[in-house]
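# Reading the structure
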Amino acid sequence: AQKVTQAQTEISVVEKEDVTLDCVYETRDTTYYLFWYKQPPSGELVFLIRRNSFDEQNEISGRYSWNFQKSTSSFNFTITASQVVDSAVYFCALSETGSSGDKLTFGTGTRLAVRP
Amino acid sequence: GAVVSQHPSWVICKSGTSVKIECRSLDFQATTMFWYRQFPKQSLMLMATSNEGSKATYEQGVEKDKFLINHASLTLSTLTVTSAHPEDSSFYICSASWGLTDTEAFFGQGTRLTVV
């Protein structure tokens, strides 16, 4: 069975601080995909990234970066120079195929509060 | 990306009544739709998977007679919460797919159901 663990339930930082959100996953599949979603207070899910299990290169997109470590089954997400607009709940998720036609297993989420 | 519209965005109903939630794919034909439920401050849990023209597949612990899913067309799936009770109050969100495509899932905006 697949499992995603986000040990940090809530994080509070001051604006401009860097913050890292942890994600640890379990799967028996050799091929799998990992995702991060942002859920602002309005509730919709905002897609941030999808990464397959064969690609361990770190990725950077603006202030966002992701560190995938297969050896430790982790896919951590870092926000550099955080802003108030980054305040949201962030979910890490896992799927077998990574395609839009596959169900997602979500972690419990990390609520990030960025204070001015 | 593809657009998925969910309606209504919020609904309040009396205990014992039924509520229907619609999930529409606006610019593609969705062969598969997923329904997730999210209780306050909790993660998203898959309720069921529906394929157009066939019966939905429910996850363990989800009552199929209570949560009726209809996916009669390639652009519309509906979730009906029958005889709703306060414990059914939750955030319901759908995602839609046109198959095993190499893209992320496309989510609706979600529906916040409150049963009083």
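In this report, we go over the structure that sits alongside the text. Predicted model, so just to flag it, every value in this text is computed and none were measured.

Rules behind the numbers
- Residues numbered from 1 in each chain as written.
- Chains lettered and ligands numbered in written order.
- Predicted model: local features only at pLDDT ≥ 70, side-chain atom pairs only at ≥ 80, totals over all residues.
- Heavy atoms only, no water.
- Helix = DSSP H or I, 4+ residues; strand = E, 2+ residues; numbered from the N terminus.
- Rg over C-alpha atoms; globule rule 2.2 N^0.38 Å.
- Contact = heavy atoms within 4.5 Å.
- Areas by Shrake-Rupley, 256 points an atom, 1.4 Å probe, with all protein chains shown as cover.
- Lys, Arg positive; Asp, Glu negative; His and termini not counted.
- Charge placed at Lys NZ, Arg CZ, Asp CG, Glu CD.
- Core = buried A, V, L, I, M, F, W, Y, C linked by side-chain atoms within 4.5 Å.
- Buried < 20%, exposed > 50% of the residue type's maximum accessible area, 1.4 Å probe, protein only.
- Buried area = accessible area lost by both parts, 1.4 Å probe.
- Salt bridge = Lys/Arg side-chain N within 4 Å of Asp/Glu carboxyl O.
- Polar contact = N/O pair within 3.5 Å; in protein donor to acceptor, adjacent residues only side chain to side chain.
- Disulfide = S-S within 2.5 Å.

## A look at the overall build of chain B
The number of helices and strands found in chain B is zero helices and eleven strands. Reading chain B from its N terminus to its C terminus gives the helix and strand order β-β-β-β-β-β-β-β-β-β-β. Here chain B has a C-alpha radius of gyration of 13 Å; the compact-globule value for 116 residues is 13 Å, and the two agree. Projected onto its principal axes, the C-alpha coordinates of chain B cover approximately 40 × 25 × 20 Å. Intrachain contacts of chain B at a sequence separation of at least 6 include 55% that bridge at least 24 residues. As displayed, chain B has an accessible area near 5700 Å², and 53% of this comes from carbon and sulfur atoms. Looking at charge distribution, chain B has the averaged site of its 9 positive side-chain charges lying 9 Å from that of its 10 negative ones.

## A few points about the nonpolar core
Residue and element names in this part refer to chain B. Among the nonpolar cores identified, the biggest contains 26 residues, and Phe 67 and Leu 113 are the most heavily contacted of them. Every element with two or more residues in this core is listed here: strand 2 (10–13), strand 3 (19–25), strand 4 (32–38), strand 5 (44–51), strand 7 (67–73), strand 8 (76–81), strand 9 (90–97) and strand 11 (111–115). Here Leu 113 is in contact with Val 11, Cys 13, Val 19, Val 81, Asp 88, Ser 89, Ser 90 and Tyr 92, once residues within four sequence places are set aside.

## Quick word on the interface of chain A and chain B
With 21 residues of chain A in contact, the opposing surface of chain B contributes 23 residues. Summed over both sides, the interface between chain A and chain B buries roughly 1800 Å², with carbon and sulfur atoms accounting for 56% of that surface. If you look at where chain A meets chain B, you find one salt bridge. Along the contact surface separating chain A from chain B lie three residue pairs in polar contact (both at pLDDT 80 or more). Where the side of chain A that touches chain B is concerned, the elements lending two or more residues are strand 5 (33–39) and strand 6 (46–52) of chain A.

## Details of the pattern of salt bridges
Residues and elements named next belong to chain A. Under the criterion given, the structure shown has six salt bridges over all chains. Across the salt bridge formed by Arg 63 and Asp 86, the nearest N and O atoms sit 2.8 Å from each other. Pair noted here: Arg 63 is in the loop between strand 7 (59–61) and strand 8 (64–69) and Asp 86 is in the loop between strand 9 (74–79) and strand 10 (88–95), with a separation of 23 residues, a long-range link. We classify Arg 63 as partly exposed; its relative accessible area is 25%. Its relative accessible area of 1% is what places Asp 86 among the buried residues. Here the salt bridges do not stand alone but share partners, grouping Arg 51, Asp 55 and Glu 59 into one network.

## Observations concerning the state of the cysteines
In the structure shown here, the tally under the stated rule is two disulfides over all chains. Across a sulfur-sulfur distance of 2.0 Å, Cys 23 of chain A and Cys 92 of chain A are joined as a disulfide pair. Judged by the sign of its S-S torsion, about -65 degrees, the bond between Cys 23 of chain A and Cys 92 of chain A is left-handed. You can see Cys 23 of chain A sitting in the loop between strand 3 (19–21) and strand 4 (24–26) and its partner Cys 92 of chain A sitting in strand 10, a full 69 residues away along the chain. Judged by relative accessible area, Cys 23 of chain A falls into the buried class, the value being 0%. Using a relative accessible area of 0% as the deciding quantity, one classes Cys 92 of chain A as buried. Covalent S-S linkage joins Cys 23 of chain B and Cys 94 of chain B, the inter-sulfur distance amounting to 2.0 Å. One disulfide, between Cys 23 of chain B and Cys 94 of chain B, carries an S-S torsion of 80 degrees and so falls in the right-handed class. Within this pair, whereas Cys 23 of chain B is found in strand 3, its partner Cys 94 of chain B is found in strand 9, the two being separated by 71 residues in sequence. What makes Cys 94 of chain B buried here is its relative accessible area of 0%.

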